[in-house]
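This is what each chain is made of:
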Amino acid sequence: MTLWVQDFVGTGETKGFATLTCSPNPVGDAVLLSTEMLEGKNIRIKLVDVSGKIWLTEKRMNVAPKELLNTGALPPGIYFVNIQAEGQIFSGRFVRE
């Protein structure tokens, strides 16, 4: 079994590193997105598979340090998450079993 663990690093100017963690990874019906630097901010989440198909675009307001993303409707595969917040883009991937 391969376990993918991916930390996400934001692009743009930041003070220090902003990390976004997906857990568990690989995921089942939900993935927990954790970040301290996005707490209280408004974000836009985009979820894309390896073929480029967009599975989700969603806005969330005043996010918590940990946000749950439902993955139960996704077929098994590798997915890329892009999160935009205040001019920064955080990206990475997870595996859906």
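In this text, all values refer to a predicted model and were calculated from it rather than measured experimentally.

Of the regular secondary structure elements, the protein chain holds zero helices and eight strands. Each helix (α) and strand (β) of the protein chain, taken in turn from the N terminus, gives the series β-β-β-β-β-β-β-β. Burial status across the protein chain gives 36% buried among its 97 residues. Put simply, 50% of the contacts in the protein chain that link residues at least 6 apart link residues at least 24 apart. Surface summary for the protein chain: the accessible area is close to 5800 Å², and the carbon and sulfur share equals 54%.

Quick look at the environment of Asn-62 now. Secondary-structure assignment places Asn-62 in the loop between strand E5 (54–60) and strand E6 (66–70). When the C-alpha atoms of Asn-62 and Leu-38 are compared, they prove to be 8.7 Å apart, with 24 residues separating the residues in sequence. If we skip the residues at most four places from it in the chain, Asn-62 touches Gly-40, Lys-41 and Asn-42.

Moving on, we get to the sheet that holds E5. Taken together, four strands build an open sheet; the order of strands is E5-E4-E7-E8 and the sheet is antiparallel. Each edge of the open sheet is held by one strand with a lone partner, namely E5 and strand E8 (88–96). Taken pair by pair, the neighbouring strands of this sheet meet at an average axis angle of 15 degrees, ignoring direction. Pairing between strand E7 (residues 77–85) and E8: nine bridges, direction antiparallel. Looking at the pairing, Ile-78 lines up with Val-95 of E8.

Where side chains of opposite charge bring their charged atoms close, a pairing between them can arise. According to the stated counting rule, one finds four salt bridges in the structure shown. Across the pair Asp-29 and Arg-96 runs a salt bridge, and its minimum N-O distance is 3.7 Å. Within this pair, whereas Asp-29 is found in the loop between strand E2 (19–23) and strand E3 (30–34), its partner Arg-96 is found in strand E8, the two being separated by 67 residues in sequence. On the basis of relative accessible area, Asp-29 is assigned to the exposed category, the value being 55%. Overall, Arg-96 belongs to the buried group, its relative accessible area being 11%.

Once that is clear, we can look at unusual backbone geometry. Here Ser-23 and Pro-24 are connected by a cis peptide whose omega angle stands at -10 degrees. Within the fold, Pro-24 resides in the loop between E2 and E3. Asn-25 connects to Pro-26 through a cis peptide bond whose omega is 15 degrees. Position of Pro-26 among the secondary structure elements: in the loop between E2 and E3. Positive phi outside glycine occurs at Glu-86, with the angle close to 50 degrees. Mapped onto the elements, Glu-86 comes out in the loop between E7 and E8.

The rules behind the values
- Residues numbered from 1 in each chain as written.
- Predicted model: local features only at pLDDT ≥ 70, side-chain atom pairs only at ≥ 80, totals over all residues.
- Heavy atoms only, no water.
- Helix = DSSP H or I, 4+ residues; strand = E, 2+ residues; numbered from the N terminus.
- Buried < 20%, exposed > 50% of the residue type's maximum accessible area, 1.4 Å probe, protein only.
- Contact = heavy atoms within 4.5 Å.
- Areas by Shrake-Rupley, 256 points an atom, 1.4 Å probe, with all protein chains shown as cover.
- Pairing = 2+ DSSP bridges.
- Axes fitted to C-alpha atoms, helices over the stretch in contact; angles between N-to-C directions.
- Salt bridge = Lys/Arg side-chain N within 4 Å of Asp/Glu carboxyl O.

Purely geometric numbers; function is a separate question.
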